[in-house]
Every structure is written in C-alpha cells, then in structure tokens.
Amino acid sequence: MRFEFSAEDEAFRLEVQAFFAAHLPREMARRFAIGAHPPERADVRAFQALLHARGWGAPHWPVEWGGTGWSPLRKHIFMEELYNADGLDYGWQGLHMVAPVLIAFGSEAQKKRFLPPMLSGDEFWAQGFSEPNAGSDLANLKTQAVLEGDEWVVNGQKIWTSDAMMSEWGFFLVRTDSTAKPQRGISFLLIRMDTPGLTVRPIVSIEGGTGLNEVFLENVRVPAENLVGEAGMGWTYAKYLLEKERTTSAFLYFNKRELEKAREIAQAQKIGGVPLIDTPAFAHKLARAEVDVMALEFSVLRILSGEATQNLNAVVSALKLRGSALQQRVTDLQVEALGLHALRSWGHGEGEASDSPEALRWPAFVPGRTAAALIARASTIYGGSQEVQKNIIAKLAFGL
Ligand SMILES: Cc1cc2nc3c(=O)[nH]c(=O)nc-3n(C[C@H](O)[C@H](O)[C@H](O)COP(=O)(O)OP(=O)(O)OC[C@H]3O[C@@H](n4cnc5c(N)ncnc54)[C@H](O)[C@@H]3O)c2cc1C
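Rules behind the numbers
Residues numbered from 1 in each chain as written. Predicted model: local features only at pLDDT ≥ 70, side-chain atom pairs only at ≥ 80, totals over all residues. Heavy atoms only, no water. Near = heavy atom within 4 Å. Polar contact = N/O pair within 3.5 Å; in protein donor to acceptor, adjacent residues only side chain to side chain. Areas by Shrake-Rupley, 256 points an atom, 1.4 Å probe, with all protein chains shown as cover. Domains from an automatic or database assignment. Helix = DSSP H or I, 4+ residues; strand = E, 2+ residues; numbered from the N terminus. Expected span 1.5 Å × (residues − 1). Buried < 20%, exposed > 50% of the residue type's maximum accessible area, 1.4 Å probe, protein only. Arc of directions from axis to C-beta. Phe/Tyr/Trp six-rings, centres within 6.5 Å; stacked < 30°, edge-to-face > 60°. Lys NZ or Arg CZ within 6 Å of the ring centre and 35° of its normal. Contact = heavy atoms within 4.5 Å. Buried area = accessible area lost by both parts, 1.4 Å probe. Salt bridge = Lys/Arg side-chain N within 4 Å of Asp/Glu carboxyl O. Pairing = 2+ DSSP bridges.

1. What about the site of the ligand?
With respect to spatial proximity, 15 residues lie near the ligand, and among them Q127, S136, W160, S385 and E387 are the closest. In this structure, a nitrogen atom belonging to the ligand sits 2.7 Å away from a main-chain N or O atom of Q127. Relative to its unbound accessible surface of 970 Å², the ligand loses 64% to contact with the protein. When residues are assigned to domains, the shell around the ligand turns out to be shared by domain 2 (125–232) and domain 3 (249–397), each giving three or more.

2. Considering helix α1 (residues 7–23)
Along its 17 residues, α1 runs 24 Å from first to last C-alpha, staying within 8% of the 24 Å computed at 1.5 Å per residue. By the burial criterion, the buried members of α1 are D9, F12, R13, V16, F19 and F20. Seen along its axis, α1 keeps its buried residues to an arc of 125 degrees; they face one direction. Every exposed residue of α1 that faces more than 90 degrees away from the buried side is listed here: A7, L14, A21 and A22.

3. Points about the packing of aromatic side chains
For the coordinates displayed, the defined rule picks out 21 aromatic pairs. Ring plane angle 85 degrees and centroid distance 6.3 Å describe the contact between F129 and F188, whose orientation is recorded as edge-to-face. Of this pair, F129 sits in the loop between β1 (125–128) and β2 (144–148) while F188 sits in strand β5 (residues 186–192), and the two are 59 residues apart along the sequence. Taking relative accessible area as the criterion, F129 reaches 3% and is therefore assigned buried. Each residue in the set F105, F114, W125, F129, W169, F171, F188, Y237 and Y240 is aromatic and connected to the rest through ring pairs, giving one cluster. Taking the ring centre of F5 as reference, the NZ or CZ of R13 above it sits at 5.3 Å.

4. Digging into the domain arrangement of the protein
Bring the parts together and some accessible area is lost; that lost area is often taken as the interface size. Domain assignment breaks the protein into domain 1 (7–90), domain 2 (125–232) and domain 3 (249–397). Opposite the 14 residues of domain 1 that make contact, domain 3 presents 21 residues. Carbon and sulfur atoms supply 58% of the area buried between domain 1 and domain 3, which totals about 1500 Å² over both sides. Looking only at domain 1, the three residues that lose the most surface to domain 3 are R30, I34 and Y83, adding up to 42% of its buried area. Counting across the domain 1 and domain 3 interface gives three salt bridges. In this structure, the salt-bridge partner of E80 is K256, at a minimum N-O distance of 2.6 Å. Counting the contacts that link domain 1 with domain 3 gives six residue pairs in polar contact (both at pLDDT 80 or more). The element best represented in the side of domain 1 that touches domain 3 is helix α4 (residues 72–84), accounting for six residues.

5. Points about the environment of N255
Mapping N255 onto the fold places it in helix α8 (residues 252–268). The buried category is assigned to N255, whose relative accessible area is 0%. Considered as a pair, N255 and E230 are 25 residues apart in the sequence and their alpha carbons are 39 Å apart. Aside from chain neighbours lying at most four places away, what touches N255 is A250, V293, L296, G323, L326, Q327 and V330.

6. Focus on the pairing of β2
Looking at chain direction, β2 and strand β3 (residues 151–159) are connected through five bridges and run antiparallel. Bridge pairing links L147 to W152 in β3. Counted between consecutive antiparallel strands, the loop separating β2 from β3 contains two residues, among which G149 sits at a positive phi close to 65 degrees.

7. Observations regarding the side chain of T279
Residue position: T279 is located in the loop between β9 (274–275) and α9 (280–304). Separated by 2.6 Å, the side chain of T279 and the backbone oxygen of L276 make a polar contact.

8. Quick look at the side chain of R175
One can find R175 in strand β4 (residues 169–175). Within the structure, R175 has its side chain in polar contact with the backbone oxygen of L141 (distance 2.9 Å).

9. So, the environment of A325
Inspection of the secondary structure assignment puts A325 in helix α10 (residues 312–338). Once residues within four sequence positions are removed from consideration, A325 is found in contact with T380 and Q386.

10. Details of α8
A rise of 1.5 Å per residue sets the reference length of α8, with its 17 residues, at 24 Å; its end C-alpha atoms lie 25 Å apart and thus fit the reference within 8%. Burial runs high along α8: twelve of the 17 residues are buried. Looking only at α8, the buried set comprises L252, Y253, F254, N255, R257, E258, L259, K261, A262, R263, I265 and A266. Looking at the packing, one finds that the buried side of α8 touches α2 (26–34), α4, β9, α9, α10 and α12 (369–375).

11. Notes on the pattern of salt bridges
Evaluated as defined, the whole model comprises 28 salt bridges. Between R113 and E123 there is a salt bridge whose closest N-O contact spans 2.9 Å. Taken together, the residues span a long stretch of sequence, with R113 in helix α6 (residues 108–120) and E123 in the loop between α6 and β1 at a distance of ten residues. For the salt bridge of D332 with R377, the shortest nitrogen-to-oxygen distance reads 3.4 Å. With a gap of 45 residues between them, D332 in helix α10 and R377 in the loop between α12 and α13 (386–397) connect regions that are remote in the sequence. A relative accessible area of 36% places D332 in the partly exposed class.

Written out as structure tokens, the structure is:
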C-alpha cells in the first residue's frame, strides 16, 4: 500500500490552510480549541456559514445538493486542515446523519425543504433515537406515533438527545405499529423542536456541559408529510444512518490534533528543569499513543482508498473501538502532562471563563483539557458502545 499526495493534492492542502488562516477569526478558533460542549450556538452557525460561502459546507454530499465532488483523499486533507486550524467539526446530526438518509430515502419535497438550510447553517438538527430503556437495544423503543387524519400524534420520551436545545428540527424513531416484529413497526419522523407538547430538559454532563438533553413528547402533532420514506421502514433507515456515523467515528482528526497538543504541553511542562517530554516514562507513553494513532490513520486511509472492501461493517466497528479508546488515552495524556494545572478546567460549564485574564495567560492548548478528557469518557458509549462493537466483530470472527 502506497499513499502519495500528488502536486495537485498538496496545492489543495495549501489552499485550505490559506482559507482558514484568512477567514477563521482567531478568537473563534481559540474558543473551538477549548472544546466547550456544546460550543456557542452563534459560533456553530457562523462557522457553517463560512464554509458554505466557500462551497465547502458539506464536502461529502452529492454535488447536486451542494457537495464538493472531492475524492476521498481530498476530503481527508480538508478534514486534517480543518482540525489543524482549530475549526469546528460539529452539527453531525444534520450534515452526517439525517442528510444522507433524506438524500437516499426522502421525497424530493423533503430534500428541497431541509437540505439547503442545513448546508447554510440556518437550521440545526437533533437525533431522537435513544430512550431510557432503549439504547444498545434500540429496537425496544416505546415512543409511539398514531396517525389521526393527516397528522401523526406522538407520545413518549427520548434521552441523551445531543443539541436538542439549540436545534430547530429533530429526526425521531417512533413506533407506528406495535403488532409487528419490533424492528418492523418503527418509522422515521421529522419533528420541529418548538412544536407544542415537546419539552427539552438539559442533562448536565460530567464536565459541566449542557449539550445533552431529555426530550418529552406529549400529544405532539406532526404533519403526515414529515414521515421519511415508508411507515415501518425506520429501522432500515436508522441502520443506514448509524453505518454512516461509525465511518466518521474513528475520531482520527481529533486524535491527531490532540496528540500534537499533548506533545506541546509535554514540551512546555518541566519537572526539575527537565521538559516532561524528555522523561523516559512519559516519552514512552507518548510514543505508544503516536504509533496507535498512526495505525488508525492507515486503517482509515485503507478504507478511503478503497483497499479495504470486505466485511466493512466489522472494519468500521474496529475503527470506532480503537478511535474512541484512543480519544480517551490522548486526552488523558494531556491531563497527565498538565499535572496540577489540570485541576483548572476553563471554558466548560460553570468554570472560569475561557477569556478570563488567567486563562489567557496560558498557551491556547492548555485551557479546557481536563473537561475534554472528562467528556471523552462518553466516546466509548455513543454511536454504539465498546461491547456492542466487539459483538459485531465477534459475530464475524466466529461466524456466529
Ligand atoms: C455524550 C452522549 C451523546 C449521545 N447523543 C445521543 C443523541 O444525540 N441521540 C441519541 O439518540 N442518543 C444519544 N446518545 C445515547 C447513546 O446512543 C446510548 O447511550 C448508547 O447507545 C448506549 O445505550 P444506553 O446508554 O442505553 O446503555 P445500555 O444499552 O443500557 O448499555 C449499558 C451497558 O451494557 C452494555 N451492553 C448493552 N448491550 C450489550 C450486549 N448485547 N452485549 C454486551 N454488553 C452490552 C453496554 O456496552 C454498556 O456498557 C448519546 C450518549 C452519550 C453518552
């Protein structure tokens, strides 16, 4: 396997670097680097509008809907540079999850209505799948939708709904037939988040973030035309969506950038006058993480280049398994390198403001690291837990 970037690819990389250097405001990049969860709503919108104005709002979409038509390698270069510039990779529920479903299974009217405002950053989306008793066992979901005339009437509860408080729309899995087999009775419904009867309550996460929510639905009336595809086919669409989600769940670009920051912190921090990076124990841990991130990168590149084609479901599970565990290792390394400074966690929740004089005294890579390490605990849960990924791999390995 050989990966070589052509002269055109290298020129493209410079073009992307120049774009971010010229257009991404430094203060905004600093706020993104702190990694507050959720980021400020105005920033999320402004950043998406910035990419959209350049025609880069959704590189992975088909060109007819505003995608770029880039090769997988170009998309890879773009994402690397977006992360290197401390840009924001956010709004996944819209751009990466519901959009591919709408493009594949939605009506023309739905595509025309929903894709353009998603691309421009005017409308954001939340994913209403999980329920208190339906996470890994999603087919057990109980939220019910009953057709009354030309409206669905929805009752039930969702949980862990990321960004529900800042989204205009949500895509929900609802049970429309309780007599069918569990998977057959599920439908995929688009619901405005300000519909009467829908209540969003925040869940404060471990690092003080307020991006997670409970969503309660009480006699929420939804126009029949907001059903995607056919009633009872929601499970098929959700599987399609989750496969899309996992492909991007290697967290490669995050891991590469944060590893670099761990190195910067370890160069700056000294023990008895010796930079931490020169102490054998820390250098060893850093090198191990670096080798594993490199291996992850080559696995991702093998998929992007079309070399890995067999058993993709299990391959993608392996990426999620490794990528999410690495996210925790790399952010833990940062905390270890920060030592006592890690006790301060700027920029998340109730902590000291990210632009306070004390926070600004530090290099940009310092504030927010502890909070990032804490919220990274969730990466081995969302998008399918470690055990669920291992089950998928084991099924293939042992022919179960
Ligand atoms: C930060 C965060 C953001 C999220 N955002 C969203 C969102 O936007 N929208 C949304 O719908 N959901 C979201 N989720 C929910 C997420 O998808 C679920 O948490 C996840 O699917 C696990 O489900 P659960 O929490 O019900 O745990 P459970 O399924 O109850 O699992 C509990 C434990 O049992 C293990 N387990 C479960 N089944 C098996 C099995 N068959 N074999 C072996 N072990 C098993 C799990 O690995 C886990 O350790 C989010 C979660 C987090 C943490």
